Every structure is written in C-alpha cells, then in structure tokens.
Amino acid sequence: MRLKRKKISDSEISQVFDLKKLLKYEPNDMQKELFYNLAVDKMVQRTSFGLDVNNEKFPDYNLDYANKKGVTESSVDLILTGKMLNSFENAEGKNTVEIKIKEDQTGKAHGNITGSYGKPRPVKSKARDFFGFKNSDELSDVLSQVDLLKNPEQESKIDLSEISDLFNRINIGFEGFDG
Amino acid sequence: MAKVNVNGLNDLAKRLNSKIVIEINKIFSNKNIIKIIAEIIVTDIKNNYERIQGPSKSTIFQRIYLEKYNNTDKAYRRSKIKAVFTGELLEDLKNNIKGSPTEKKFILEHSDKLHSKYLGKSGLIGNNISYKNLSKILVNDLGINYFALTDKAKREINNIIKNEIRKLLTQLK
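The rules behind each value
- Within each chain, residues carry numbers counting from 1 in the order of the written sequence.
- Chain A is the first chain written and ligand 1 is the first ligand written, with later ones labelled in order.
- Whole-chain, interface and lining totals are the exception, using all residues; otherwise, since this is a predicted model, local features are given only for residues with pLDDT of at least 70 and side-chain atom pairs are given and counted only at 80 or more.
- Side-chain metrics in this entry use all non-hydrogen atoms of the structure; hydrogen atoms and water are not considered.
- One confidence number per residue, pLDDT, is output by the predictor and ranges from 0 to 100.
- Any two residues whose heavy atoms approach within 4.5 Å are treated as being in contact.
- Throughout, buried area stands for the accessible area (probe radius 1.4 Å) lost by two parts on being put together, summed over both.
- Salt bridges are defined by distance alone: a side-chain nitrogen of Lys or Arg within 4 Å of a carboxyl oxygen of Asp or Glu.
- We count a stretch as a helix when DSSP gives it H or I for four or more residues in a row; a strand needs E for two or more, and each element gets its number in order from the N terminus.
- Residue exposure (1.4 Å probe, protein chains only): buried if accessible area is under 20% of the type maximum, exposed if over 50%, otherwise partly exposed.
- What makes a nonpolar core is a set of buried Ala, Val, Leu, Ile, Met, Phe, Trp, Tyr and Cys residues whose side-chain atoms join them at distances within 4.5 Å.
- DSSP bridges decide pairing: two strands pair if at least two such bridges lie between them.
- Under this scheme, a helix contributes an axis fitted over its contacting stretch, all axes are lines through C-alpha atoms, and angles between N-to-C directions fall in the 0 to 180 degree range.
- When charges are counted, neither His nor the chain ends are considered; positive counts come from Lys and Arg and negative counts from Asp and Glu.

Caption draft 1: Here's a closer look at the confidence of the model for chain B. Per-chain confidence: chain B averages 93 in pLDDT, with 99% of residues scoring 70 or above. Scoring of the predicted complex yields 0.77 for pTM and 0.85 for ipTM.

Here is the structure:
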C-alpha cells in the first residue's frame, strides 16, 4: 500500500501514518507510541547504512567534506554531530502518528532532502532524501511488532509459568559475515 | 556484516503487556547495553579468534619491521594470524555496533571511516583504506574471518539480555 505523501518544506518536514488503515483496526496509545519509536529507529538505521527513502545509495560526499569528516567519499550516513537524526518528534492523532523533524533541524534536513544545502534551488543529483517511507511493505516488520500490543487487557490474563518457560527459551544465535 | 540474534524474544513478547513490550524494544537502542555487548564481542574476537594457517615468512618479516614503529595491541601475537595489529580495526567495530528492535538483533558492521596509515622508517606508509573495505579483504581474500563468537561470549550476552528482561518481568508480579 502506498503511504501518504510527506510534507517537505523549509519550515516543516513531516509524514502522517494512518495506523487504522495500516493495521485494519483502531490503534491504542501504546501501539501509536511503539509505531513511532520503531519507525524512527528504522529510518535512522537505513540512513546510517547510507540508503535513502528508495533504498538507494546516497550521492557521494565531495572530497573536501569527506576529508573533513575523515571518511571515504562514498561513506554517506548524514551523521556529523548526530543532531539531525536525533531530532524526530511525534504528533499523535486519533488513529494516526505524525513523524516530524524538530524545528531547529528542519533547515538542515530540508537541505539534505532536496539537495539545496542553503541555496535557493533544489539540486536533485545532490539530494539525500533520508526522511519517511513510501510503501507500507517497508514497515511490515514494524507493524507486526505493533500488532503484538493489540489487546492491552492481556495483562490480566498473563500466565506466569508460560512466561517463565518462554523466558528460559531465549538464546543467542550468530549469523556470520555475509560480505 | 554479521548479526547477533536474540532468539525467542518475539514469542515471549506475544504473551506480555504492552508497556513491557515497549521496554523490551528499548533494550536494542539502549546505548549502555550496546556498549557492553560491543565490548564482549570485541574482547572475544581479540582473545579467541585465530586463523588456523599461521603467517608466512614474509609476513613475519613485515611484522618485525612494523612493530618497531607502531604501537601494537595487547592481543597481537607476531606468530599468529589474529584480527589485531594496532587494534584500530576492532575499535571501529566496537564503536559501530547497532541494535535493531524490530529484528531483535545486534548488527556488527564496520564504518566507512579510514584506517590510519602505519608508520614506517621514513613516515606514513600504505594507502588510504576504509575499515569496511579492509574487513572485506581480510575475510574474503585472506581468510581471516574474525566475525565469530565463542559460546562463552554468547552466554555473556544472553545473561545481559535476560537480566534486562528479568527486571522488566518483575513488574508482572
């Protein structure tokens, strides 16, 4: 399912997610909170791996900037001070979650997303669009986690012996180097 | 890239209340926990990884030369192929480990930052290479696949994760 378009301007960067549509039922407050946390986490992780909203590699840094940062030109993760990727905020509606960039980082984020970097016109070839999601498929793992919180009243039905058994089954696995 | 998976956590989460599920997810973005786990992983690799095939004669000569001009890591051994010389590569791995709450995993991957050049008799030697590319050469071309964990390290990580969950589960009682 195609997701709602983002608002991208130099004064606002945001995207609204209709959880009622995505989950096919009305979300509770916990689900909205969890969705926000996991979706932001996924966005930050994607960015730190150098991938944009289309899961394509960001355009390279120029050599001067890469040298200043002490990385290779292709090592683009949009993290210098870390402030921009730490500036998300949540504006919940009845059935929606709106992920926004805080006002003090909107200019910087807008420059990255459009490629304008302080100049009046956007430059598509330099744009590093790290913000938001295009399709609900990208959020399927987030939604399956959110769905776990469907029935908050489950608390009263907790079976401690079952919990103890499941707890004891937790173990660590290792997937080796894959390139 | 390699991954440390916490198996069974989703099955447990299905039986818990929403507040605890949210708190369990936070384990994977808790910087202190990631730091502790990263330390366990890197210490384990330093102390226990060793390629079966030892260094060639020419590698030993090269090492003797480089040892004179560079500070070597405590875990480095001239006669063994381990994942350390100065220790800088594994330091990068330690600083770049990430947690994934959706996948319930910790992801081990090097950054694209540049490895320092080694010092030689007349200054810096070698070419610029990123940690990530150096790692690929070591693993894929030289057979130094240091992305491995001993059972002891797995147990230590398991204990840390379980302790965190145990703290959360006490809220049920």
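On we go.
Caption draft 2: The arrangement of the interface of chain B and chain A in detail. Taken together, the contacts link 56 residues of chain B with 38 residues of chain A. In total, chain B and chain A occlude about 4,300 Å² of area from one another, counting both sides; carbon and sulfur atoms represent 64% of this. Three residues stand out in chain B for area buried against chain A, namely Met 1, Arg 15 and Thr 102 of chain B, and they jointly supply 14% of the buried area on that side. Put simply, chain B and chain A have two salt bridges between them.

Caption draft 3: Representation of unusual backbone geometry. Residues and elements named next belong to chain A. At Lys 24, a residue that is not glycine, the phi angle is positive and equals roughly 70°. Here Lys 24 shows up in the loop between helix H1 (19-23) and helix H2 (29-48). With phi around 60°, Asn 55 is a residue other than glycine that occupies positive phi space. Inspection of the secondary structure puts Asn 55 in the loop between H2 and helix H3 (63-69).

Caption draft 4: Broad picture of the environment of Ile 60 of chain B. Residues and elements named next belong to chain B. Mapped onto the elements, Ile 60 comes out in helix H4 (residues 57-69). You can call Ile 60 partly exposed: its relative accessible area is 22%. C-alpha of Ile 60 to C-alpha of Leu 114: the two residues are 54 residues apart in sequence and 25 Å apart in space. Among residues more than four places away in sequence, those in contact with Ile 60 are Pro 55, Arg 78 and Ser 79.

Caption draft 5: Quick look at the nonpolar core. Residues Phe 35, Ile 99 and Phe 130 of chain A together with Tyr 146 and Ile 165 of chain B are the most contacted members of the largest nonpolar core, which totals 95 residues. Leaving out residues up to four positions away in the same chain, Ile 165 of chain B has contacts with Phe 167 and Ile 170 of chain A together with Leu 9, Leu 12, Ile 24 and Ile 27 of chain B.

Caption draft 6: Spotlight on the sheet that holds strand S3 (residues 88-92) of chain A. Residues and elements named next belong to chain A. As summarised here, the arrangement of the four strands in space is S1-S2-S4-S3, forming an open sheet in which the pairing is antiparallel. The two strands at the open ends of the sheet, each matched to only one other strand, are strand S1 (7-8) and S3. Pairing of strand S2 (residues 13-18) with strand S4 (residues 96-101), which is carried by five bridges, proceeds in the antiparallel orientation. Bridging from a neighbouring strand, Gln 15 pairs with Ile 99 of S4. Where H2 meets the sheet, it contacts S2, S3 and S4, and its direction lies at approximately 150° from that of S3.

Caption draft 7: The sheet that holds strand S1 (residues 2-7) of chain B, seen in detail. An order of S5(A)-S1(B)-S3(B)-S2(B) is seen for the four strands of this open sheet, with the pairing classed as antiparallel. Both edges of this open sheet fall to strand S5 (171-175) of chain A together with strand S2 (98-100) of chain B, since each of them pairs with a single strand only. The average angle at which neighbouring strand axes cross in this sheet is 25°, direction not considered. Two elements, S2 of chain B and strand S3 (residues 105-108) of chain B, share three bridges in a ladder whose sense is antiparallel.

Caption draft 8: Molecular detail of the pattern of salt bridges. Here the structure, examined in full by the defined rule, presents 21 salt bridges over all chains. A salt bridge links Lys 94 of chain A to Glu 26 of chain A; the shortest N-O distance between them is 3.5 Å. On the criterion of sequence distance, the pair formed by Lys 94 of chain A in the loop between S3 and S4 and Glu 26 of chain A in the loop between H1 and H2 is long-range, its members being 68 residues apart. For Lys 105 of chain B, the salt bridge goes to Glu 103 of chain B, with nearest N and O atoms at 3.9 Å. Taking the relative accessible area as the measure of exposure, Lys 105 of chain B reaches 15% and is therefore buried.

Caption draft 9: Summary view of the pairing of S3 of chain A. All names here are of chain A. Where S3 meets S4, five bridges bridge the pair, whose relative direction is antiparallel. Looking at the pairing, Ala 91 lines up with Glu 98 of S4. Where S3 folds back onto S4 in an antiparallel hairpin, the turn is made up of three residues.

Caption draft 10: How the structure looks around the side chain of Asp 92 of chain B. Residues and elements named next belong to chain B. Position of Asp 92 relative to the elements: it lies in helix H5 (residues 88-96). No salt bridge forms around the buried Asp 92; measuring N to O, its nearest opposite-charge neighbour Lys 113 is 5.8 Å away. Apart from the residues within four sequence positions on either side, Asp 92 is in contact with His 110, Ser 111 and Tyr 131.

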